[in-house]
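# Results of the structural survey
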Amino acid sequence: MTTPPRHIHRYSPANVDSAQDGRMFSPSFERNAEPIRAALEPVVGSRSATLLEIGSGTGQHAAFFAQAFPKLRWAPSDPVPEHRVSIAAWRRWAEADNLDAPIDLDAAGDWAGMAEVVALGPLAAIFSMNVVHIAPWSVAQGIVAGASRALGQGGRLILYGPFAEGGRHTGEGNARFDAALRAENPEWGVRDLDDVAALARDAGFGAVQVIAMPSNNRLVVFTRG
Ligand SMILES: C[S@@+](CC[C@H](N)C(=O)[O-])C[C@H]1O[C@@H](n2cnc3c(N)ncnc32)[C@H](O)[C@@H]1O
């Protein structure tokens, strides 16, 4: 088992509850799970296909989405061992045949060539929520570069979280959040959608769909050309 770099954000008992069976609880789950499910539904909901999730965290969302989209094979991943323990506990709890065991995946690395990723077969979508702002820019670069390799034509890269647009935060709360992130780690920060879209364009993604979500978040869907 690899030890993830210290700069990786991790949940701790200080900010997440946990159940005796090892499940950690996402602080945002009650607020955002259903709106995200509804936004994902037309993109991936009815498909018999495989989705790889990057930075699954507690795994609480993965369990919910796997139950909500039974045709979809949901493959969660996270580089932090404690998170993978929680994801595995949520997987046992969910009893969803379409939810895979978590993969140890650091998105800043060359993950698209990993045996566990290749073994998933053709991927229809790669989904990452609340990751690129709480990780160095190299993680955003790694997600886009890897997705470009791992997805076939028409495959979707779906990012959820706070994004600035045209150099401006989409709300006062996001401006404060950005400042707090950068104070905690100068390599973190709310990303500008233009910068992420430029990465995606350079990596071969075409159409971009931006869906406004509660609390000034965005669900961004890039389609592989
Ligand atoms: C704020 S949490 C979000 C977790 C979950 N997606 C959610 O929204 O509840 C950020 C997650 O990103 C993961 N992460 C941080 N750096 C990463 C990296 N280099 N590659 C993949 N995941 C990473 C962390 O382990 C953590 O689980």
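Residues numbered from 1 in each chain as written. Predicted model: local features only at pLDDT ≥ 70, side-chain atom pairs only at ≥ 80, totals over all residues. Heavy atoms only, no water.

## Focus on the overall build of the chain
Put simply, the rule reads: Secondary structure counts use DSSP, requiring at least four H or I residues in a row for a helix and at least two E residues in a row for a strand, with both numbered from the N terminus. Just to be clear, the radius of gyration here is over C-alpha atoms, and the globule rule we use is 2.2 Å times residues to the power 0.38. Here, two residues are considered to be in contact whenever any of their heavy atoms come within 4.5 Å of each other. Under this rule, positive means Lys or Arg and negative means Asp or Glu; His and the chain ends count for nothing. For the purpose of locating charges, the reference atoms are NZ of Lys, CZ of Arg, CG of Asp and CD of Glu.
Assigned secondary structure in the chain consists of seven helices and seven strands. Put simply, the chain runs from its N terminus to its C terminus through helices and strands in the order α-β-α-β-α-α-β-α-β-α-β-α-β-β. Over its C-alpha atoms the chain spans a radius of gyration of 16 Å, differing by no more than 12% from the 17 Å that the globule rule assigns to 225 residues. Each of the three principal axes of the chain carries a C-alpha extent, and together these read 45 × 40 × 35 Å. Considering only contacts within the chain whose residues lie at least 6 apart along the sequence, 72% involve residues at least 24 apart. Of the charged side chains in the chain, 20 are positive and 24 negative; the average position of the first set lies 3 Å away from that of the second.

## Examining the site of the ligand
Rules: Here a residue is considered near a molecule or strand provided that any single heavy atom belonging to it is located within 4 Å of it. Polar contacts, as used here, are pairs of N or O atoms within 3.5 Å; protein pairs need one atom able to donate a hydrogen and one able to accept it. Residues neighboring in sequence count only if both atoms are side-chain atoms. Per-residue accessibility takes into account occlusion by the displayed protein chains alone, with areas from the Shrake-Rupley method and a 1.4 Å probe.
Around the ligand, the surrounding shell holds 21 residues, and the nearest of these are Gly55, Asp78, Asp106, Ala107 and Met129. A distance of 2.7 Å is found between a nitrogen atom of the ligand and a backbone nitrogen or oxygen belonging to Gly55. Interatomic distance of 2.7 Å between a side-chain N/O atom of Asp106 and a nitrogen atom of the ligand. Protein burial of the ligand: of its 590 Å² of free accessible surface, 97% is covered by the chains.

## Considering the packing of aromatic side chains
So the rule is basically this: Side-chain rings of Phe, Tyr and Trp, where Trp is taken by its six-membered ring, are said to pair if the distance between their centres is within 6.5 Å; with planes under 30 degrees apart they count as stacked, over 60 as edge-to-face, and otherwise as tilted. Each residue's exposure class comes from its accessible area (1.4 Å probe, protein chains only) as a fraction of the maximum for that residue type: buried when under 20%, exposed when over 50%, partly exposed otherwise.
Summed over all chains, the structure comprises eight aromatic pairs. Taking the centre distance of 4.9 Å and the plane angle of 75° together, the rings of Trp90 and Trp93 count as edge-to-face. Separated by three residues within a single helix, Trp90 and Trp93 lie in helix 3 (residues 81–94), roughly one turn from each other. Judged by relative accessible area, Trp90 falls into the buried class, the value being 4%. Residue class for Trp93 comes out partly exposed when judged on its relative accessible area of 44%. Ring centres of Phe205 and Phe222 lie 6.4 Å apart, and the angle between their planes is 65°; on these two criteria the pair is classed as edge-to-face. Of the two residues, Phe205 is situated in strand 6 (residues 205–213) and Phe222 in strand 7 (residues 217–224); the sequence distance between them amounts to 17 residues. Residue class for Phe205 comes out buried when judged on its relative accessible area of 4%.

## A word on the side chain of Ser77
Within the fold, Ser77 resides in the loop between strand 2 (73–75) and helix 3. Accessibility expressed as a relative area gives 0% for Ser77, which makes it buried. For Ser77, the side chain forms a polar contact with the main-chain oxygen of Glu53, separated by 2.7 Å. Discounting residues that sit within four places of it in the chain, Ser77 has contacts with Leu52, Glu53, Ile54, Gly55, Ser56, Ile87, Ile103 and Leu105.

## Points about the pattern of salt bridges
Test applied: Here, a salt bridge means any side-chain nitrogen of Lys or Arg that lies within 4 Å of a carboxyl oxygen of Asp or Glu.
Overall, the coordinates contain eight salt bridges when judged by the stated rule. Two residues, Asp104 and Arg84, come together in a salt bridge whose shortest N-O distance is 3.2 Å. Highlighted residues: Asp104 in the loop between helix 3 and helix 4 (115–118) and Arg84 in helix 3, separated in sequence by 20 residues.

## Some thoughts on the pairing of strand 7
Note the cut-off: Strands qualify as paired when DSSP identifies two bridges or more between them.
Across the eight residues of strand 7, seven count as buried, placing the element largely inside the fold. Where strand 4 (residues 151–164) lies against strand 7, seven bridges are found, and the strand directions are antiparallel. Directly across from Arg156, in strand 7, lies its bridge partner Thr223. When strand 6 meets strand 7, the two strands line up antiparallel, connected through seven bridges. Within strand 7, the position partnered with Gln209 by the bridge is Val221. Hairpin connection, strand 6 to strand 7: the antiparallel pair is bridged by three residues, and Ser215 has positive phi, about 60°.

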